[in-house]
Amino acid sequence: MLLALSSAFAFPSKKQYKPCKQLVLYFHDIIYNGKNAGNATSAIVAAPDGANLTILAGQFHFGNIAVFDDPITLDNNLHSKPVGRAQGLYIYDTKNTFTSWLGFTFVLNSTDHQGTITFSGADPIMVKARDISIVGGTGDFFMHRGIATIMTDAFEGEVYFRLRVDIKFYECW
């Protein structure tokens, strides 16, 4: 009996953290392609030497940098009422597969949520569900930190994509 009890304390189990707050939001990105200025919510601002700023670079888009100001909705419909904007940039940073580095902020201004949530990290685009760090926030999200699981919910060629963002805060003030 003593041996069984002592082994239970020798190998403590890993603590399971529970989120203190959760949200699911969608953001919709329409990249400028030279023909859609009225609808575009993002644009290529840097490209490899000699590349075109209206068409993503060749293989894996390596070297492209895009800035965005995308609508955020509560569902996956681009035409739903926006609850805020996703503002930031993505950098295609790998030569042998589709990956990017993301740095962006959700600026929320709705009756349910006021404030910002800031995200930063690598995005291995070809992975179905990938995690990115939540590094802070303001307003309703003051000093919040956590993880956002992002999934590509829709993709239409080189012009449109929609991301589902499952936000889990583990530090809430």
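Treat the numbers as computed from the prediction; the structure is a model and nothing was measured. (Residues numbered from 1 in each chain as written. Predicted model: local features only at pLDDT ≥ 70, side-chain atom pairs only at ≥ 80, totals over all residues. Heavy atoms only, no water.)

Only one face of strand 4 (residues 84-92) is covered, namely the one carrying G84, A86, G88, Y90 and Y92; the face carrying R85, Q87, L89 and I91 has none of its residues buried. Here eight bridges tie strand 3 (residues 65-73) to strand 4, and the two strands are oriented antiparallel to one another. When the bridges of strand 4 are listed, P71 appears paired with R85. Judged from the nine bridges that link them, strand 4 and strand 5 (residues 100-109) form a sheet pairing that is antiparallel. Along strand 5, the bridge assignment pairs I91 with W101. (Buried < 20%, exposed > 50% of the residue type's maximum accessible area, 1.4 Å probe, protein only. Helix = DSSP H or I, 4+ residues; strand = E, 2+ residues; numbered from the N terminus. Pairing = 2+ DSSP bridges.)

Attention shifts here to the nonpolar core. Ranked by size, the top nonpolar core spans 29 residues in total, and within it F27, F106, I117, F119, V165 and I167 carry the most contacts. Going through the elements one at a time, strand 1 (21-30), strand 3, strand 4, strand 5, strand 6 (114-123), strand 7 (129-137), strand 8 (145-156) and strand 9 (160-171) are the ones with two or more residues in this core. Top element by residues in this core is strand 9. It accounts for five residues. The residues contacting F106, other than those within four sequence positions of it, are L25, F27, I72, R85, A86, G115, T116, I117, F119, V165 and I167. (Core = buried A, V, L, I, M, F, W, Y, C linked by side-chain atoms within 4.5 Å. Contact = heavy atoms within 4.5 Å.)

Once that is clear, we can look at the pairing of strand 5. Pairing geometry for strand 5 and strand 6, over ten bridges, is antiparallel. Its bridge partner being in strand 6, W101 is matched across the sheet by A122. Hairpin connection, strand 5 to strand 6: the antiparallel pair is bridged by four residues.

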